[in-house]
Amino acid sequence: MPAFEREWAAALEESRRTFSLAGLCEVVQVWQARVASAPSSRRVPRLRPG
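It should be emphasised that the depicted structure is a prediction, and the values quoted were computed from it without experimental measurement.

A. Quick look at the packing of aromatic side chains. Scanning the entire structure with this criterion turns up two aromatic pairs. Aromatic pair phenylalanine 4 and tryptophan 8: ring centres 6.0 Å apart, planes at 20 degrees, arrangement stacked. Taken together, the residues phenylalanine 4 and tryptophan 8, both in helix H1 (residues 3–18) and four residues apart, mark about one turn of the helix. On the accessibility criterion, phenylalanine 4 (34% relative accessible area) is partly exposed. Consider the rings of phenylalanine 4 and tryptophan 31, whose centres lie 5.7 Å apart with planes at 90 degrees: the pair is edge-to-face. In this pair, phenylalanine 4 is assigned in helix H1 and tryptophan 31 in helix H2 (residues 22–37), connecting sequence segments 27 residues apart.

Structural data, given as structure tokens:
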């Protein structure tokens, strides 16, 4: 199971027990920061035939 799905599932289960969305919000914020700080992937231009 990918890391985000694992963390999201754990936070979702916690929110069901505690009736709080704090854990879900934290997972989203952490992953937004991870994505924002990740190096961008450069697309390689396709070669044109001919």
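And the narrative resumes.
B. Structural detail: the pattern of salt bridges. Under the criterion given, the structure shown has two salt bridges. A salt bridge links arginine 34 to glutamate 7, with the nearest nitrogen and oxygen atoms 3.4 Å apart. Of this pair, arginine 34 sits in helix H2 while glutamate 7 sits in helix H1, and the two are 27 residues apart along the sequence. Classification of glutamate 7 by relative accessible area gives partly exposed; the value is 29%. Put simply, glutamate 13 and arginine 16 hold a salt bridge, and the shortest N to O gap is 3.6 Å. Pair noted here: glutamate 13 and arginine 16 are both in helix H1, with a separation of three residues, about one helical turn. Given the relative accessible area of 37%, glutamate 13 is considered partly exposed. For arginine 16, a relative accessible area of 54% puts it in the exposed group.

Calculation criteria
- Residues numbered from 1 in each chain as written.
- Predicted model: local features only at pLDDT ≥ 70, side-chain atom pairs only at ≥ 80, totals over all residues.
- Heavy atoms only, no water.
- Phe/Tyr/Trp six-rings, centres within 6.5 Å; stacked < 30°, edge-to-face > 60°.
- Helix = DSSP H or I, 4+ residues; strand = E, 2+ residues; numbered from the N terminus.
- Buried < 20%, exposed > 50% of the residue type's maximum accessible area, 1.4 Å probe, protein only.
- Salt bridge = Lys/Arg side-chain N within 4 Å of Asp/Glu carboxyl O.

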